[in-house]
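Survey of secondary and tertiary structure
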Amino acid sequence: MSDKKPFSQRFKEFCQKFFDKTFWKFILVGVANTIFGTAVMFLLYNLAFKNYHDSSWAYWVSSAANYILGSILSYFLNKTFTFKSKTNTRQTMYRFVINISLCYLIAYGVAKPVARAIFSGASVSMQANMAMLAGMCFFVALNYIGQRFFVFKGTQEEENENK
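This report concerns the structure included in the present document. As the structure is a prediction and not an experimental result, all values here were calculated from the model. (Residues numbered from 1 in each chain as written. Predicted model: local features only at pLDDT ≥ 70, side-chain atom pairs only at ≥ 80, totals over all residues. Heavy atoms only, no water.)

In this structure, Tyr-59, Tyr-67, Tyr-108, Met-132 and Phe-139 are the most contacted members of the largest nonpolar core, which totals 26 residues. Put simply, the parts of the chain that give this core at least two residues each are helix H2 (21-48), helix H3 (56-82), helix H4 (89-118) and helix H5 (124-151). Each residue touching Tyr-59, except ones within four places of it in the same chain, is listed here: Tyr-45, Tyr-108, Lys-112, Ala-128, Ala-131 and Met-132. (Core = buried A, V, L, I, M, F, W, Y, C linked by side-chain atoms within 4.5 Å. Buried < 20%, exposed > 50% of the residue type's maximum accessible area, 1.4 Å probe, protein only. Helix = DSSP H or I, 4+ residues; strand = E, 2+ residues; numbered from the N terminus. Contact = heavy atoms within 4.5 Å.)

Spelled out as structure tokens, the structure:
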């Protein structure tokens with residue numbers, strides 16, 4: 001049976017489901033987590049590794065520290081506050097690690113060559129800072145989709161049934 005609703009109505013319903021209160025809670029947690037993680041990443045890169053900007057490991061270590069430490073904070077805030085998950089921590093933690101790892105590798109793996117191409121005339125340090133900024137944005141979008149529809153998927157279905 002095909003859906004006879006006009007596209008505009010189906011799109012509106014999709015947006016209402018996707019951008020519900022769970023989305024806004026995720027954004028709130030994300031703001032707190034982003035402030036924390038961004039501080040870790042840029043402080044490491046620009047202070048702790050300031051003499052190593054010509055080495056690509058400073059980029060990867062700084063951005064990875066952001067996501068390792070930030071992910072720990074994010075997991076517990078999203079599990080308890082955003083998605084109110086009562087599911088087995090081991091099960092959701094396993095899915096969370098897979099999600100974060102894939103989002104990180106994709107987002108930062110794409111961001112670095114794109115920033116290098118766009119900012120080809122800039123210093124290596126500027127290229128890396130722009131790549132980290134772009135990687136953060138791409139990561140947020142991928143991470144929300146992954147957490148909502150993969151990591152905490154069962155939680156959402158149970159909550160929607162109880163409405």
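Running from N to C, H3 and H4 point in directions that differ by 145°, and their axes come no closer than 10 Å. The interaxial crossing formed by H3 with H4 has right-handed handedness. Packed against H3, whose contacting residues are Ser-56, Tyr-59, Trp-60, Ser-63, Ala-64, Asn-66, Tyr-67, Ser-71, Ser-74, Tyr-75, Phe-76 and Lys-79, the element H4 presents Thr-89, Thr-92, Met-93, Phe-96, Ile-100, Tyr-104, Tyr-108, Gly-109 and Lys-112 at the interface. By residue class, the composition of the contact of H3 with H4 is 11 nonpolar, 8 polar and 2 charged. (Axes fitted to C-alpha atoms, helices over the stretch in contact; angles between N-to-C directions. Left-handed = near helix turned anticlockwise from the far one by under 90°. Nonpolar A, V, L, I, M, F, W, Y, C, P; charged D, E, K, R; others polar.)

The next point concerns the side chain of Asn-99. If you trace the backbone, Asn-99 turns up in helix H4. By relative accessible area, Asn-99 is classed as buried at 6%. Leaving out residues up to four positions away in the same chain, Asn-99 has contacts with Leu-142, Asn-143, Gly-146, Gln-147, Phe-150 and Val-151.

Within the secondary structure, Ile-72 sits in helix H3. On a C-alpha basis, the gap between Ile-72 and Asn-46 in space is 23 Å, while along the polypeptide they are 26 residues apart.

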